[in-house]
Every structure is written in structure tokens, then in C-alpha cells.
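Each chain is listed here by its residues.
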Amino acid sequence: MRKRLGILFWIAVLWIVLVVFLAIFRDSLPIADPVARLARSGECERFERPSWSRWFGCDNAGRDIFARSVEGARPALVLGVVVTGIAGTIGTLVGVISGYIRGLFDTVMTTIVDISLAFPALVLLIAVSVAFEPSLRVFVIVFSILGIPGYARIVRGATFALAEREFVDASESMGATRARIVRRELLPNVALPVLSFAFIGFALVIIAEGGLAFLNLSLDGITWGKEISEGRHFIVDHPHVSLIPSTVMFLTILAFNLVGDGLRSLVAPREVATARRLHIEGTPEPRSEGDDAVLRIVDLSTKLHTPGGLVEPVDQVSLSLAPGEALGIVGESGSGKTMILRSIVGAFPLADVTRAGTVEVDGVDMLRSADTVSRRTLGTNIGMVSQNPLTALNPVRRVGDQVIEPMIVHGDLSRADARERALELLQQVGIPAAERCLREYPHQLSGGMRQRVTIAIALANEPKLLLADEPTSALDVTVQDQILRLLDGLRRERGMGMVLVTHDLAVVKGFTDNVAIVYAGQVVEYGPTAEIFANPQHRYTVALMNSMPDLNLPSHSELTTIEGAPPSLIDPPSGCRFAERCPAVQDKCRTDDPVRAGTDVHSYSCWFPMSEHPVEVS
Amino acid sequence: MAFLRRLGRLVLVVFVVTFFTFYILDRIPGDPAERLAGVSATPEGIEELREELGLSGSLPERYGSWVGDIVRGDLGDSLIYDGISAWDRIRGALPKTLETLVLAELMAFGLAVPLAIRSAQRPGGLVDRWSSATAFGLLALPSFVLGIYLMFLFAVILGWFPVLSKDLPGFTDDPVGNLKGYFLPSLTLALNLLAVYVRLLRTDLIETLQQDYVMLAQARGLSTRRVMWRHVLRPSSLNTVTAAGLNVGGLIGGAFIVEVLFAYQGMGRVFIESIIGKDYFVVASMVTIIAVGYVMINFLVDILYSVLDPRIRRLSA
Ligand code: SF4
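Residues numbered from 1 in each chain as written. Chains lettered and ligands numbered in written order. Predicted model: local features only at pLDDT ≥ 70, side-chain atom pairs only at ≥ 80, totals over all residues. Heavy atoms only, no water.

## A look at the overall build of chain A
For step 1, the next point in the chain: Scanning chain A from terminus to terminus reveals 22 helices and 13 strands.
For step 2, the next point in the chain: The buried share among the 618 residues of chain A stands at 54%.
For step 3, the next point in the chain: Look at the contacts in chain A between residues 6 or more apart in sequence, and 67% of them connect residues 24 or more apart.
For step 4, the next point in the chain: Summed over its atoms, the accessible surface of chain A is roughly 27300 Å², and 58% of this surface lies on carbon and sulfur atoms. (Helix = DSSP H or I, 4+ residues; strand = E, 2+ residues; numbered from the N terminus. Buried < 20%, exposed > 50% of the residue type's maximum accessible area, 1.4 Å probe, protein only. Contact = heavy atoms within 4.5 Å. Areas by Shrake-Rupley, 256 points an atom, 1.4 Å probe, with all protein chains shown as cover.)

Set out below in C-alpha cells:
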């Protein structure tokens, strides 16, 4: 506990304890009289600066500022405690009832809370404190009324979340009365959020009272706000008179906020967002003479440094794509196939990423080139289509703006020319009424239409390489085929290379020349599509094929028919990663990493490939 | 239809708030008519004056006649200052407060957006850690404390700005002098807002940064700056805009305080002076203006909302 709350939390607690202690035991401590004008008796000069003997110095009337600061803590603390108690109790009750019973009560409550939280509270406070003689009682009532909505809102939220949870339902079915549920289960579980907010609410009371006191509308007697208000007149020559009570007040409010925040972090842990960092390791593998591959990946490894540990979703992957060719990458979800594409373009979510190996697109080193060079390649030579068309387009920008943007940024076209071209593109990808589509926002289009728009954007600068990440899996079955045919046609027309990531073997069979089978971050089998379908070698590939009843029928189903789940990518097991699920597994598989075998054309990493051991090894 | 309902709500809010104001004012001890008439006045004289000022009759009666006057465009007369109307009192003060508020919002957004963007680009980085620690500290600084600090630092020690903002030249006469005078009060308010905006915007930016369309924008070779400003900022701004609307209430309260601290005659000081002097019509008119302004600003926020997010446009259409 101590460790999680941090040192600042405990310093804050200490400060609060100190302030409370001084305020309570002021009379029995050797502290000067806060109202005595010490200048008269010569004990302290007017505006005496802070010193060892008089810690905080003296004010304009020669009164001891330390004593006044301690005295000023009293109304702040009394008001804070009483108001927090009253508002907290009533607000919690209102919130629990509202969150649990819901219905009309909740609607009315929420409306009132929303209005009252928004209204200028200080204006109301000013009016009230002028209308009624400012007394502790009036203040307690008004501040409590103002405080209730805050608590009610917090508690309502917590209750809502709780009411969803099972155990409330469970005890309800066991015949517990509603009142008992509220008392036994809901209250204890909202206690921590309320306690956390109580500290913050406490600080708010101090601030509000201070504001009124500053305007001279608060309680009689000494308060921090009043000290600051009086002291500010001397800020030029004697700043300590106002700065000291200001700082005491600031530190106290800060301490309450810190404690409240610390308690909240016990309920809802602080977010751990990592910065997006891209590291590159290793040296590039030089390209051999006469290699004109549009995409060349050699020994690419991608590591993500996550709070949960080091993840390696791409492990020593090597692939190559000739111009105009289509390459399929197949794997289950979580196999790292999408990460291969992301590693090519270098676009990751917020994470600390290290890439090693070689990635070349049309001869440009994507890992080590200068930023402008790799960005230029991204913009002009690579087009990308992602899985979910619903999230692939920016919801607040017009389709037209999104289509023409890459042309203006990279193609140096004028806006008008880019628009002309955007129209053509939309027609090419089969969008009727392209003119109107340009003016529309993504939410006005169907999923299939949006995917066509993403494809149009990807094609904008005539790329040599199209990266398609499960371009159809989020679409209707009827639309899936249309989109695939469209991509295939565009590829042939333009002589683009295409990488098609999918979990669907039927798609691979119909639309690719080569295929890479990916398992747990590694390419386990790689070769011409026809060859692999006719003659699968790796046991995982075999299992995949067997899981498809009829390859001639598009199945479009998730690859879940193989028993078991792929291993965790955090600290994967040694040996063959498929061993846990492999029907042909031997002891050797679990200890030794399989070595790449087969030919240059068709390779696989399996100790007991299908061709050498056609029957299942026992 | 939605517009009419909103208008209805506006009228209702103003009605409730002003009536409440009359009620409160009624409770304040002291009789403005007696005071205006002076010590030598006869009871009949006072009664006559009360009649003349619109202070006789029951509370609902007085309220009713005031509402009637308002509809005719007459806010009533000041009861403290002879021959000065409520509008005269407000006319001097309103622009000062408005300028403070507008400057504060400009500064707050001007600082919050780049800071939040830097923080979101490198969560846990130097800028992020400092800005969130600063935001936490700022949230613990009531405006009068923060104002004292700023006054001490920028006016007393550095001498860049005047300590007090009394008798400032008009903006059109001397823009530099005018802005210099309003700088510290506005900054005081802005820093409190800044803390709120940076926190919200940063969180939403980070969330948007994880979106597919941002990843795709990066994959299209767009510069980080372009991605941030053109693709990420707008979809992330909704909560911050809402907060700006909701914070107007607190901001008005804050403006009252900085006016007192920096000693210029804005709405806040006139309000307090009038309420203490039981200056009925001035107070009620000011409350009306604040309430109308408040509701209007939130109305504007709603409109801005649908400009920022076209999906909402369709829902409300
Ligand atoms: S190496 Fe062994 S465990 Fe792995 S797929 Fe081949 S036979 Fe199965």
C-alpha cells in the first residue's frame, strides 16, 4: 500500500495532520495571540520580516502572521469537516438511490445536478452571504447544498458500474431486499470513491470560503482569505504579508487534493501510457544483383516493450514480392500477421517498438532512411487498406478531403486537379455518384462504400505496393467478394504488388500467387500458393487445410477449428511454437527450434514435415 | 422545435434566477428609499420616493412591474447613484469583464492545445510529466492565491505589468496599455482553465492516436505535425469544448475575484457594491445578463459541437 501511494501522498497526509494539530491545540502551544498588536508592546515591528524568532513575521498592525495562519485554519477546517460530512452523507444517499433505482428519480436528479454543477456558485454565494448575516450555520447550509451534487454524481456513477456486476444480481435472486443490498453491498463499495472525493470536496470548501473571505463577505474573525485580502494592499513593499497566508492555503489545498488523488488511484489505477518510440537495430542486408523485388523483407523482427513484458509479434520474418505479384499472409488472430504490415510502414499505436532486420520497398530502406525519404515512399509507393472500414476513415473530415490529401501532400497536384483525379479514382473503385460522395462524411456511407473509399485513397498516388490487412473481414459476405475482385482487378491493371493479410484460406487460394503461413510471429511455411495447397509440409498448414471442409467453397470463417490456442507472444516457449497443438509432436520439437527446410521456392520450418512422414508420427 | 425548447428553457432560467434575486434582495437589511431620502425626510416623503422608484407593493408586484419595464427595454434606475440608470452602471463594467474572459479563454486554449499535443505525443515524457504536475498544482490554486503570486512575480519583481489594473485605456485608444493591464487578471483565470483543458485534451488525444485512421494517416507518409493538427485534434476536442462551456460559471466567479484583486471596476465589483447597497434594479439586471450570457454560451457550445463532429449534425437535424 505504502509503495503504491507514493511519498507525496504521505507528505500531504503529514501536512494535513500538522495543520489540524496546530489548529486544535493552538491554545496550549506557545503561539502568540493572533489579534494582539505586538508593535505597541515593541515585541514585533509592523511588517517585520520572517525570522528565526518570528517564523512568518508580522503584518501591517504588527500582528504575528504565524499565529494568524494557525487561527485561520480553524474556520477552514471546521467548515470543511462539517460540510463534507453533511454533503457527503446526503449526496451519497441520493447517488446510491439514483444509481440503483434509476427511472424517473434518476432523470430528475441528473437534471438538477447538471444545472447546479454548472451555475456560477460564487454569484449565488455572494448573494446569500449578503442576504443572510454570514454565520457558520448559514455557511454550512449553503456549502452543503452546493456540495451535494458533486457527491451524488460520483456515487451514482460508482453504483451504476456496481449494479451491473454479478453479485448484486446474485443476492437479488437470493431474495435480499433492495434496502439490504444498498446497505450491505453497495455502500461499502462506493466508500472508497466517496472518501477520495471527500478530500477533494474538502479542498473545494476551503477555496469557496476563501473566495468569499477575499471579497470580505465571509465569517467574522480571522480566515485565510481575509488575511490574503488585507495583505494584498502591501504586496509591493511587504509581500510576505499576503504571500505567506497564500502559500499556507495553497499547500493545504494541494495536500487535500493529493490525498484524494492518491485514494482514487487505489480504485482506478493511474494509466500507464508509454511514449511512442521507434528504435531500429541490426544492419541492413544488401540486396543481390538483379533483384527487382518491390518488397523485400529479410529477418525482420519487431519487439514491443509493453508494461506486461516484451512482446515479439514478428520474429525473423523474411518475405519477398516481385512487381505485380500477390502475396498472401495467413494466420490466426494474434499471430502477428497485421504487425508485419505495420512494421513495413512503421505505424504503431502508442508503444515502444524496436525493429531489426531489413525492409525495402522499391529499393528504399524503410527502417533506416531519412524521415523525408521514407515518408515520400510511404506516400507515393505504398497504399494501405485496413481491416475495418468503419474506423479507417476520419469521422470528422469529408471524404473528398481525405482522398485528395495524399495527392496534394506528395503528388504536388493543385486542389482542383486533385479533385478531378479523386473523382476518377472513386469511379474506378466502383462508387456511383462519386461527385456527391466527395462531399459526404464517412458516416453517411455504407461499410462497403467506405472500404472502396479507403482503397481509392490507397491508390491515389499510383503505388507500386498495396498492403491490404484483412480488407473484407468486417464486411457483409455479399460485399466481401466484390471488394476482393476489385482489389484483384486493380492489381492486374496497374501491375501493383499486393500483400493480402487474411485468416481465410479460400481468399488466399483465389487471389494470391504466393503465400506465407504465420504462426506465433514466425513464418512457418512459405511458397507458391498452388504448390502449398497441393503439397503442404508444416503440420500447422496441414491442420489449417484440414479445418476447411471444402476449399472450393468460400468459407470465410475464423480459423478456430484447430484445438487449443496459440502460445503467448510474451516469452514464447522454446522449440517449435506449434508443439502444444501439433498431432505429430515429438520430444525433439519441444527442445530444438525447427530449422528452415525445403527449397528456395517452397520452404518450411518443421522437424517432421508431411512429405517425409505422411502418416502421423506417433 | 429544438430551438424553441431551448428558448423556453432560457426564459425559464432567467425568470427563476431573477425572481430569486428579488427575494434575496428583499431580505437584505436596510431600506434604499430611506437612505436616498436622507435623514431629514418625512415618512410621507419616503413613501412617495418609494412609489417613484418602483419599490412599493409586495414582492411579486415589484417583480412584475420590473419585468414589464425590462420588456420595454428599461432596466430601471440605480438606487445608490442619483440619476444613473442600471444600464449606465452595467455599460461601464461589462466590457471590462468580457475582455478579461475572452482573453482568458484565448490564453487558455492557446497554451493548452500545443501542450496537450506535445504531452500526447510522448506520454510519460518530459513535457507530459511537467505539464500534468503543473496542472495538478494549478488546480490547487484558488484564483485569488494564484493572482497574488502572478502579481508578485510579474508586476512587483519583474515589473512587466502594472500591479493594479485601474483606469485602463480603452482598447482602441491604446491597445498595448490596455492589454498589459488585462494581462495578469486574464492569465490568472487562464491558468486555472488551462489545467482543466490540458488534462482532458491530452486524454482524448491519446485515445484518438490509437485509432485506425490515425495509423493509416501515418502510413500515408504525412508528417507528424499534419497528422496531429489535421487528423487527431478535431475528433479529440469535443470533451474539452464541453468543459469550456461548463466552466463558464466558475469563470464568472473567478472574474469577480480578479477584479477585486486587480482593482478594476468590472461586473463583479459593481455587483458586490450594488448588492450591499441593495441596488435592486442594477443587481437584477446584472443577474439577468449573466444568466442570459451563460445560457447563450452553452448554446454556442452546442453549435460548435455539431460543427466539430458531423455525426452529431445528423442526429440533431
Ligand atoms: S516441428 Fe514438430 S511440433 Fe512443430 S509442427 Fe513440426 S512436427 Fe509439429
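Back to the text.
## Quick look at the overall build of chain B
For step 1, the next point in the chain: Along chain B, the regular secondary structure elements total 15 helices and zero strands.
For step 2, the next point in the chain: Relative to its full complement of 317 residues, chain B shows a buried share of 50%.
For step 3, the next point in the chain: For chain B, long-range pairs separated by at least 24 residues make up 72% of all intrachain contacts whose partners lie at least 6 apart in sequence.
For step 4, the next point in the chain: Here chain B displays about 14600 Å² of accessible surface, and carbon together with sulfur accounts for 64% of that area.

## Details of the site of the ligand
For step 1, the next point in the chain: H538(A), R539(A), C576(A), F578(A), A579(A), C582(A), A584(A), V585(A), C589(A), C606(A), W607(A) and F608(A) make up every residue found near the ligand.
For step 2, the next point in the chain: Counted by class, the shell around the ligand contains 10 nonpolar, one polar and one charged residues. (Near = heavy atom within 4 Å. Nonpolar A, V, L, I, M, F, W, Y, C, P; charged D, E, K, R; others polar.)

## A look at helix α11 (residues 337-345) of chain A
All names here are of chain A.
For step 1, the next point in the chain: Summarising burial for α11: eight of the nine residues are buried, a large majority.
For step 2, the next point in the chain: All buried positions along α11 are accounted for by K337, M339, I340, L341, R342, S343, I344 and V345.
For step 3, the next point in the chain: Positive backbone phi, approximately 70 degrees, marks G346, located one or two places after α11.

## Side note on the packing of aromatic side chains
For step 1, the next point in the chain: All told, the structure shown has 16 aromatic pairs over all chains when counted by the stated rule.
For step 2, the next point in the chain: Through pairs of rings, three or more aromatic residues link up here, namely F199(A), F202(A) and F256(A). (Phe/Tyr/Trp six-rings, centres within 6.5 Å; stacked < 30°, edge-to-face > 60°.)

## Focus on the pattern of salt bridges
All names here are of chain A.
For step 1, the next point in the chain: Scanning all chains against the criterion turns up 24 salt bridges over all chains.
For step 2, the next point in the chain: Note that R436 and E440 form a salt bridge whose closest N and O atoms lie 3.6 Å from each other.
For step 3, the next point in the chain: A salt bridge links R491 to D513; the nearest nitrogen and oxygen atoms lie 3.9 Å apart. Taken together, the residues R491 in helix α18 (residues 477-494) and D513 in the loop between α19 (505-511) and β10 (514-519) connect sequence positions 22 residues apart.
For step 4, the next point in the chain: Here the residues in one salt-bridge network are D488, R491, R492 and D513, joined through shared partners. (Salt bridge = Lys/Arg side-chain N within 4 Å of Asp/Glu carboxyl O.)

## Quick look at the domain arrangement of chain B
For step 1, the next point in the chain: Its domain assignment divides chain B into domain 1 (2-71) and domain 2 (92-316).
For step 2, the next point in the chain: The straight-line distance from the C-alpha centre of domain 1 of chain B to that of domain 2 of chain B is 34 Å. (Domains from an automatic or database assignment.)

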